[in-house]
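The primary structure of each chain is shown beneath.
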Amino acid sequence: MSEHPRFYDDLAACHAELWQRLEQGVSDRHSAFHTPALATVDPHGRPQVRAVVLRDVDRSAGTLRFHCDRRSEKASEIAGMRCAALQVYDPAAKIQVRVDGTAEVHTDGWFAETVWTQSQPMSRAVYGISPGPGTALAHGGDYTLPDKDDAILDGRENFCVVVIRAERLEFLYLDSRGHRRALWLRSQAGWVETWLAP
Ligand SMILES: Cc1cc2nc3c(=O)[nH]c(=O)nc-3n(C[C@H](O)[C@H](O)[C@H](O)COP(=O)(O)O)c2cc1C
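Keep in mind that this is a model prediction, so the values were computed, not measured.

According to UniProt, the positions carrying the feature "domain: Pyridoxamine 5'-phosphate oxidase Alr4036 family FMN-binding" (unreviewed entry) are residues 19–106. Between the C-alpha atoms that bound residues 19–106 there is a distance of 23 Å. The span itself is 20% helix and 45% strand.

Have a look at this one:
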């Protein structure tokens, strides 16, 4: 039987593992952590969930970033409710991470501008789509995307950056010899941690 991972009975190591997996998800597009499920609450109080690409993680600030179109449902849900959650399960590692936090949509300020400037023309092109995301179409192909060169400017007004500030983190490791589940809650003094019954 294989040895337990080093974080198995070590809360601090679980915390480090959680952030390390998220950080890896930003740079490694093959990682399950690259495309977490994003949950929001719509104006009717109904949950909505979809995949996003994890663009950045700041372990010390406890923040995570993704990008979306400001015309999208998710952007208005986050702007309205100011909260969001992320979930990832990595079947190879048998690790699930859940993040629950406050969320902010950045559209016009220097921060969104800097991120836009740094993003690839190919990534920018999707923000120039017309009509906007979620618009009903008579045929599946009844939309246009700008040429890559135009996309340098075209999609800017539709581009936004969402930053989630984690308030609650959960880590679940599946093991037939006994699962391990851990929780961290943000407090003024830092993260307050506990094991949970799985
Ligand atoms: C693997 C994958 C990655 C995605 N990444 C993003 C993303 O980073 N940002 C985004 O707005 N939509 C992304 N999408 C599309 C969303 O999941 C969703 O279909 C779309 O944005 C509409 O969502 P909404 O109507 O809830 O706003 C991705 C979809 C997949 C399958």
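Next, the rest of the story.
This model, assessed by the stated rule, comprises 15 salt bridges. Of the charged contacts in the structure, one is a salt bridge between arginine 156 and glutamate 113, with a shortest N-O distance of 2.8 Å. Of this pair, arginine 156 sits in the loop between helix H5 (151–154) and strand S7 (159–173) while glutamate 113 is found in helix H3 (residues 110–118), placing the two residues 43 residues apart along the sequence. Looking at arginine 156, the relative accessible area reads 13%, which means it is buried. Assessed through its relative accessible area of 35%, glutamate 113 is described here as partly exposed. Note that arginine 181 and glutamate 170 form a salt bridge whose closest N and O atoms lie 2.7 Å from each other. Note that arginine 181 is positioned in strand S8 (residues 180–187) and glutamate 170 in strand S7, a separation of eleven residues in sequence. Three or more residues are tied together by salt bridges with common partners; here these are Arg6, Glu17, Arg21 and Asp90.

Turning our attention to helix H1 (residues 11–27). With 17 residues, H1 ought to run about 24 Å at 1.5 Å a step, and its terminal C-alpha atoms sit 25 Å apart, in line with that. Among all positions of H1, only Leu11, Ala13, Cys14, His15, Glu17, Leu18, Trp19, Arg21, Leu22 and Gly25 are buried. Measuring from the backbone nitrogen of alanine 12 back to the side-chain oxygen at the start of H1 gives 3.1 Å, which picks out aspartate 10 as the cap.

Among the surface-exposed residues, Leu137, Tyr143 and Leu145 lie close enough to one another that they form a single nonpolar patch of about 260 Å² accessible area. In this structure, tyrosine 143 sits in the loop between helix H4 (121–125) and H5. For tyrosine 143, a relative accessible area of 39% puts it in the partly exposed group.

This next bit is on the layout of surface pockets. Estimated volume of the largest pocket: approximately 410 Å³. What lines the largest pocket is a set of 19 residues, among which Val53, Arg55, His67, Ser123 and Tyr127 lie closest to the centre. For the lining of the largest pocket, the leading source of residues is strand S4 (residues 63–69), giving four residues.

Relative to the helices and strands, glutamate 77 is located in helix H2 (residues 73–81). What glutamate 77 contacts, discounting residues up to four positions off in sequence, is Thr40, Val41, Asp42, Pro43, Gln48, Arg50 and Arg82.

Let us look at the packing of aromatic side chains. By the definition in use, this model includes seven aromatic pairs. Taking the centre distance of 5.3 Å and the plane angle of 85° together, the rings of phenylalanine 7 and phenylalanine 171 count as edge-to-face. You can see phenylalanine 7 sitting in the segment before H1 and its partner phenylalanine 171 sitting in strand S7, a full 164 residues away along the chain. Both residues of the pair, phenylalanine 7 and phenylalanine 171, belong to the buried class. Plain terms: the ring middles of phenylalanine 7 and tyrosine 173 are 5.2 Å apart, the flat faces sit at 90° to each other, and that makes the pair edge-to-face. Pair noted here: phenylalanine 7 is in the segment before H1 and tyrosine 173 is in strand S7, with a separation of 166 residues, a long-range link. Judged by its relative accessible area of 10%, tyrosine 173 falls in the buried class. An aromatic cluster of at least three residues, connected via ring pairs, comprises Phe7, Tyr8, Phe171 and Tyr173. A cation over a ring is seen here: arginine 124 above tryptophan 116, with NZ or CZ 5.0 Å from the ring centre.

Analysis parameters
Throughout this document, residue positions are counted from 1 along each chain, in the order its sequence is written. For a predicted model such as this one, the threshold for reporting local features is a pLDDT of at least 70, and the threshold for listing and counting side-chain atom pairs is 80 or more; totals across whole chains, interfaces and linings nevertheless cover every residue. Excluding hydrogens and water, the side-chain figures rest on all heavy atoms present in the structure. UniProt positions are given in the numbering used here, feature names are shortened, and annotations may be inferred rather than shown by experiment. Elements are defined by DSSP. Helices are runs of H or I of four residues or more, strands are runs of E of two residues or more, and each kind is numbered from the N terminus. We count a salt bridge whenever a side-chain nitrogen from Lys or Arg sits within 4 Å of a carboxyl oxygen from Asp or Glu. Classification of residues uses two cut-offs on accessible area relative to the type maximum, computed with a 1.4 Å probe and protein chains only: under 20% is buried, over 50% is exposed, and between them is partly exposed. One less than the number of residues in a helix, times 1.5 Å, gives the span that helix is expected to have. In the analysis that follows, any N or O atom pair within 3.5 Å is treated as a polar contact, provided that within protein one partner can donate a hydrogen and the other can accept it, and provided that, for residues neighboring in sequence, both atoms belong to side chains. Grouping into patches uses exposed residues only, defined as over 30% relative accessible area, and leaves out salt-bridged ones; the cut-off is 9 Å for like charges and 5 Å for nonpolar side chains (Val, Leu, Ile, Met, Phe, Trp, Tyr). Here the Shrake-Rupley method, with its probe set to 1.4 Å, supplies the accessible areas, and only the displayed protein chains count as covering residues. Put plainly, a pocket is an open set of points on a 1 Å grid over the protein atoms alone with protein on both sides within 12 Å along at least five of seven lines, a cavity is a set where a 1.4 Å probe fits but cannot get out, and a lining residue has an atom within 4 Å of a point. Grid points are joined across faces, edges and corners, and a volume is the space filled by probe spheres set on the points. Residues are treated as being in contact if the distance between any of their heavy atoms lies within 4.5 Å. Whether two aromatic rings pair depends on their centres lying within 6.5 Å, for rings of Phe, Tyr and Trp, where Trp uses its six-membered ring; planes under 30 degrees apart make the pair stacked, over 60 edge-to-face, and the rest tilted. Two conditions define a charge sitting above a ring: the NZ of Lys or the CZ of Arg must be within 6 Å of the ring centre, and it must be within 35 degrees of the ring normal.

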